[in-house]
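Observations on chain architecture
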Amino acid sequence: MSDAWRLPPLAAVLVAVVLIVCAEAGGASMVRFRVELTRWARGVMLAHPEVHGLVGVRDVDERILDEALVKFDAGLRLFHLHAEGMGLVILATTAVAATLARGRRVRGVMIVLLTAGGAGYPLGYLLWSWLIPYHGIERGKSIAEWFVWMPFGGATIVALWWLAGLVVLRLARR
Amino acid sequence: MSQGKAGTERWAAARVAANAAAHGVSGSAEYDDEVRARAVYSAEAGLSFFHTHAEGLGLILFFTSTVVASAVPWRRARALLWGLLGLGSLFPLGYLVYGVAALELGRDTGIALAETWILTPLGSATLAGVLGLAVALAARRRRA
């Protein structure tokens, strides 16, 4: 077998690059539309006082709103950070899988898990941010966890352990 | 950054004092302390952003330019994408300017200068580069 690196399928590379584009656009939008985003989130939270436990006393409510807005901003930042990182993780790990996995099916499943898991996981942070004004910090986090972080993060973890096992196997056979 | 934190804070505070007019320092100790703390915080944030973005963009340049070399078959498109990605990889330097300008020109003016003249153009170059790469990959996939 050749020592040269093999290019992963074009579709996986495209997903990774589009994810990096989304991360860049997200980071830029976060800075450019900071005021508008904060105003929107605050407006939605004020429209759902029962969700956030707002009592109508300014001193109490402002503290609650501030905490939720910090988490809202953190979700956007974490999306930017994870989308940049996972784009690179997809490129690197699918290249390793394309190079080291011999069976066509094994290679295919591994690359699908790495690509889908890596691309889906960061979207959980975007979803969490969007959910915070409507459902609160904890409920928003719980929804994002069940619907995005666990399935997509799980796919990435399974594929990475599988890949690690494959590399160990290769080393042992040398 | 972590070893030199105390020194950086002292230097930043000294620069605020040296550019008192730009920072709107009033002579009221309570107000001035607040102004100084915000300016020093911005300078430290600039350094911290420089660190994280330089680490990340170095890797992004490395991987995306490798993908360009491997997967974009058109010579001129490759050169254009490398140019954009290479230029965009200088983006983190904008955060160094951000930190220094916030101290020299006043917090808001300095940050606005770095954002308008350095971070936005270089960030746009990166965005155009990766977007161009996505379009090139989609075009190649369609042709295949």
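The written sequence of each chain sets the order in which its residues are numbered from 1. For naming, the first written chain is A and the first written ligand is 1, with later ones following in the order written. With the structure being a predicted model, the display of local features is reserved for residues of pLDDT at least 70 and the display and counting of side-chain atom pairs for 80 or more, all residues being used for whole-chain, interface and lining totals. By convention in this description, side-chain values take in all heavy atoms of the structure and omit both hydrogens and water.

The secondary structure listing takes helices from DSSP runs of H or I that are at least 4 residues long and strands from runs of E that are at least 2 residues long, numbered from the N terminus. Assigned secondary structure in chain A consists of seven helices and zero strands. From first element to last, N terminus to C terminus, chain A shows the α and β order α-α-α-α-α-α-α. At 20 Å, chain A has a C-alpha radius of gyration far larger than the 16 Å of a compact globule built from 174 residues. For chain A, the C-alpha atoms occupy an extent of roughly 70 × 30 × 20 Å along the three principal directions. Summarising the internal contacts of chain A: among those between residues at least 6 apart in sequence, 77% fall at separations of at least 24. Calculation of accessible area relied on Shrake-Rupley with a 1.4 Å probe; when residues are assessed, cover is drawn exclusively from the protein chains displayed. Surface accessibility of chain A: about 9500 Å² in total, with carbon and sulfur atoms responsible for 66%. For a compact globule the rule gives 2.2 Å times the number of residues to the power 0.38, and the radius of gyration it is set against comes from C-alpha atoms. By definition in these notes, contact holds between two residues if any of their heavy atoms fall within 4.5 Å.

Further remarks concern the environment of A:Arg174. Within the fold, A:Arg174 resides in the segment after helix H7 (137-173). Between the alpha carbons of A:Arg174 and A:Leu100 there is a distance of 13 Å; along the sequence they are 74 residues apart.

Here we come to the pattern of salt bridges. A carboxyl oxygen of Asp or Glu within 4 Å of a side-chain nitrogen of Lys or Arg is what we treat as a salt bridge. One pass over the structure, following the stated rule, counts seven salt bridges over all chains. One salt bridge connects A:Glu62 with A:Arg42, and the closest N-O pair in it is separated by 2.9 Å. Here A:Arg42 lies in helix H2 (residues 34-47) and A:Glu62 lies in helix H4 (residues 58-100), a separation of 20 residues in the sequence. Residue class for A:Glu62 comes out partly exposed when judged on its relative accessible area of 22%. For A:Arg42, a relative accessible area of 27% gives the class partly exposed. Its salt-bridge partner being B:Asp33, residue B:Arg36 comes within 2.9 Å of it at the nearest N-O pair. On the criterion of helical spacing, the pair formed by B:Arg36 and B:Asp33 is a turn pair, its members being three residues apart in helix H3 (residues 29-71). Working definition: with a 1.4 Å probe on protein chains only, accessible area under 20% of the residue-type maximum means buried, over 50% means exposed, and in between means partly exposed.

The next point concerns the packing of aromatic side chains. Each pair of aromatic rings taken from Phe, Tyr and Trp, with Trp reduced to its six-membered ring, is defined by centres within 6.5 Å and is described as stacked if the planes are under 30 degrees apart, edge-to-face if over 60, and tilted in the remaining cases. Tallied over the entire structure, the rule returns ten aromatic pairs over all chains. Note on A:Tyr121 and A:Tyr125: the rings are 5.8 Å apart at their centroids and 80 degrees apart in plane angle, and the pair reads as edge-to-face. Residue class for A:Tyr125 comes out buried when judged on its relative accessible area of 10%. Taking the centre distance of 5.4 Å and the plane angle of 90 degrees together, the rings of B:Phe62 and B:Phe63 count as edge-to-face. Taking the relative accessible area as the measure of exposure, B:Phe62 reaches 52% and is therefore exposed. A residue is classified by how much of its surface remains accessible, and B:Phe63, at 21% relative accessible area, is partly exposed. Members of the aromatic cluster, joined through ring pairs, are A:Trp40, A:Phe72, A:Trp130 and A:Tyr134.

This part is about the confidence of the model for chain B. Scored from 0 to 100, pLDDT records how confident the predictor is in each individual residue. Summarising the model, chain B shows a mean pLDDT of 94, and 100% of its residues fall at 70 or more. Per the prediction output, this complex has pTM 0.88; the corresponding ipTM is 0.82.

At the junction of the two partners, chain B supplies 22 residues and chain A supplies 18 residues. Note on terms: buried area is the combined drop in 1.4 Å-probe accessible area of two parts once they are placed together, counting the loss on both. Overall, the association of chain B and chain A removes approximately 1600 Å² of surface from exposure, summing both partners, and the carbon and sulfur fraction of that is 85%. Where chain B packs against chain A, one counts zero salt bridges. Whenever a nitrogen or oxygen atom comes within 3.5 Å of another N or O atom, the pair is scored as a polar contact, on the condition that within protein one atom can donate a hydrogen and the other can accept it, and that pairs from neighbouring residues in sequence are kept only if both atoms are in side chains. For the pair chain B and chain A, the number of links is zero residue pairs in polar contact (both at pLDDT 80 or more).

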